Structures are given as structure tokens and as C-alpha cells.
Amino acid sequence: MPSELTEKEKWEIIGKIKVSPNKYKTLKTIETEYLMPSEIARYSGLRITQVSNALKNLKKDNLVVCINEEAKKGRLYHNTELGLEILKMIESNKND
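The rules behind these values
Residues numbered from 1 in each chain as written. Predicted model: local features only at pLDDT ≥ 70, side-chain atom pairs only at ≥ 80, totals over all residues. Heavy atoms only, no water. Salt bridge = Lys/Arg side-chain N within 4 Å of Asp/Glu carboxyl O. Helix = DSSP H or I, 4+ residues; strand = E, 2+ residues; numbered from the N terminus. Buried < 20%, exposed > 50% of the residue type's maximum accessible area, 1.4 Å probe, protein only. Patch = residues over 30% accessible without salt bridge, like charges linked within 9 Å, V, L, I, M, F, W, Y side chains within 5 Å. Areas by Shrake-Rupley, 256 points an atom, 1.4 Å probe, with all protein chains shown as cover. Axes fitted to C-alpha atoms, helices over the stretch in contact; angles between N-to-C directions. Parallel < 35°, antiparallel > 145°, perpendicular 65-115°, else oblique. Contact = heavy atoms within 4.5 Å. Nonpolar A, V, L, I, M, F, W, Y, C, P; charged D, E, K, R; others polar.

(A) How the structure looks around the pattern of salt bridges. This structure, assessed with the given rule, holds five salt bridges. Where K16 meets D61, a salt bridge forms, and the shortest distance between an N and an O atom there is 3.2 Å. Taken together, the residues K16 in helix 1 (residues 7-18) and D61 in the loop between helix 4 (48-60) and strand 1 (64-66) connect sequence positions 45 residues apart. When its relative accessible area of 37% is taken as the criterion, K16 is described as partly exposed.

(B) Looking closely at a nonpolar patch on the surface. A cluster of nonpolar residues, Y34, V65 and I67, forms a patch on the protein surface that exposes about 280 Å² of accessible area. With respect to the helices, strands and loops of the structure, Y34 is situated in the loop between helix 2 (21-30) and helix 3 (37-44).

(C) Layout of the packing of helix 2 against helix 3. As a packed pair, helix 2 and helix 3 sit with axes 10 Å apart at the nearest point and diverge in direction by 105 degrees. With respect to each other, helix 2 and helix 3 are oriented roughly perpendicular. Where helix 2 approaches helix 3, its residues K25, T26, T29 and I30 are matched on the opposing element by I40, Y43 and S44. Counted by class, the contact of helix 2 with helix 3 contains three nonpolar, three polar and one charged residues.

(D) Local environment of helix 3. Taken as a whole, helix 3 has its buried residues at P37, E39, I40, A41 and S44. Lining the buried residues of helix 3 we find helix 2, helix 4 and strand 2 (77-79). Backbone geometry just after helix 3 places G45 at a positive phi near 85 degrees.

(E) Broad picture of the environment of N53. Tracing the backbone shows N53 in helix 4. The partly exposed category is assigned to N53, whose relative accessible area is 44%. Counting along the chain gives 30 residues from N53 to K23, while the straight-line C-alpha distance between them is 8.4 Å.

(F) Summary view of unusual backbone geometry. Even without being a glycine, E31 presents a positive backbone phi close to 40 degrees. One non-glycine residue, N62, adopts positive backbone phi at about 60 degrees. Within the secondary structure layout, N62 lies in the loop between helix 4 and strand 1.

Shown next, in the form of C-alpha cells:
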């Protein structure tokens, strides 16, 4: 997926996130932190399997990145610039 998305592509991603509360909670929980899946689960109230599935899909859309992919344990996830932008777009349209 190209780093510079069109407005339409961004709204398509937002649609995917809005239909999946787990993706939104995961993205929102990470916000600007570096978190492990277990921490995301604890802070968001989601089960670890829900977080893992959400991270896999968010990663596919380039919204999150694992900064230490080679680690067997203690993998840390962080929102990309695109992830933060999408989160901001969702937040600003919540009351519309």
C-alpha cells in the first residue's frame, strides 16, 4: 500500500475500522505508546486473541508497526503516522 493515500482510500480504511470495534480499540489504546499485545489487551479490555487479530489487520493496512519483529516475546507495537492520522479522522467525525 503506498504511503500517500487518497482521501477515498483513507475513508475505506476508516470504514474497516468502524465496523470492527476491536481494531478501533487497539488503535486507540496504542495511540502514541509502544505497547505489547498483552498490555493492549489489559488496557482495552479485549482478549489477547482479539488484539492479535486486530494487530494483524491493522499492520496489513500500515496503521501499526511492530518495532522488534524478530523478538519471540515482548513484541512492541506502535501506530504509524497513517495510523495516527486515521485515528484523528475518526475522532474528529465521532459527533458528526
